[in-house]
Amino acid sequence: MPRRTGFDSRRYRGRSLRARPQARGAAKSRLVMGLLFAGIAFMSYQCSSEYNPVTGEEQHISITAEQEIALGLQAAPEMMAQHGGEHPDRSAQAMVDRVGQRLVQQSRASETNWKFDFHLLRDPQTVNAFALPGGQVFITAALFTRLNTEGELAGVLGHEIGHVVARHSAQRMAKQALTQGITGAVLIAAGGGDGEAQMAQMIGNMINMKYGREDELESDQLGVMFMAQAGYDPHALLGVMEILDEAAGEQAPPEWLSTHPSNDNRLQTIQREIDLLFPEGIPAGLQK
Ligand SMILES: [Zn+2]
């Protein structure tokens, strides 16, 4: 539920303002306070500019990297519970770990301090993969079992690593904080009482977070880069798109299917990124 910020002057003007001078005074100070908070929120959004060395962007983020990692870790159990928990197949889990770590360690993602952890989830129905801020990455068994090659798994995980490295969740949180007239840092520093309720709400928001189109395309580009740097043929990401396309026909589309931009557009972006990285064609010997 959206919190009232006190910036609600119209209601006062319409009803009680003329009736009682006292109420008018209160309304005025509420308006001033509201403007003040909105101003502070806007200023802190504008001032919280950080350079992201991997994407080369200036981005607005209102929490620290440590807070981002902590938030992701806090939200992870609920996320896993929603998809039946960790998958019992240890060798499949180990494969997800190995491919994820290879992507992180052998690419520019290794220049970051995110705490990456890769989880295979039991859910046999929902074709999906997602990442929480700070480095918790998940893939469901329903998607995992549809993949044909290790390269395709690298495509899925590379894209999710892209969301983490580009700090898409934290950017969305900063925007949310701006629209609610609060700053993430204040919110987290608050602790106790109201702070806890806010925290729970933030974690809820994070789990249901939908990324924008631009975020998805950027994650595709980063995914292609990480794959190639880690020795995977980035064309495998095109194979993933085909698998998602087929799955979209069969079931209600979850995160990877519904919020991702239309496939045509994505295929072009991925191909363009591959051509940019390998103008002379991709080197021989990359893993499919
Ligand atoms: Zn995505």
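To start, this report covers the structure provided alongside it. (Residues numbered from 1 in each chain as written. Predicted model: local features only at pLDDT ≥ 70, side-chain atom pairs only at ≥ 80, totals over all residues. Heavy atoms only, no water.)

Time to look at the packing of helix H4 (residues 90-105) against helix H6 (residues 150-165). The geometry of a pair of packed helices is captured by two quantities: the angle between their axes and the separation between those axes. Contact pair H4 / H6: the axes reach a minimum separation of 9 Å and the direction vectors enclose 60°. Taken together, H4 and H6 sit at an angle that is classed as oblique. The element H4 and its partner H6 pack so that their crossing is right-handed. Here Met 95, Val 96, Arg 98, Val 99, Gly 100, Arg 102, Leu 103 and Val 104 of H4 lie close against H6, whose contacting residues are Glu 150, Leu 153, Ala 154, Leu 157, Gly 158 and Ile 161. Its residues assigned to classes, the contact of H4 with H6 shows nine nonpolar, two polar and three charged. (Axes fitted to C-alpha atoms, helices over the stretch in contact; angles between N-to-C directions. Helix = DSSP H or I, 4+ residues; strand = E, 2+ residues; numbered from the N terminus. Parallel < 35°, antiparallel > 145°, perpendicular 65-115°, else oblique. Left-handed = near helix turned anticlockwise from the far one by under 90°. Contact = heavy atoms within 4.5 Å. Nonpolar A, V, L, I, M, F, W, Y, C, P; charged D, E, K, R; others polar.)

A contiguous patch of negative charge, built from Glu 242, Asp 245, Glu 246 and Asp 264, is present on the exposed surface. Ranked by residue count, the leading element in the negative patch is helix H11 (residues 236-250), at three residues. Within the secondary structure layout, Glu 242 lies in helix H11. (Patch = residues over 30% accessible without salt bridge, like charges linked within 9 Å, V, L, I, M, F, W, Y side chains within 5 Å. Areas by Shrake-Rupley, 256 points an atom, 1.4 Å probe, with all protein chains shown as cover. Salt bridge = Lys/Arg side-chain N within 4 Å of Asp/Glu carboxyl O. Lys, Arg positive; Asp, Glu negative; His and termini not counted. Charge placed at Lys NZ, Arg CZ, Asp CG, Glu CD.)

Phi at Arg 167 takes a positive value of approximately 55°, unusual for a residue other than glycine. Its place among the elements puts Arg 167 in the loop between H6 and helix H7 (168-180).

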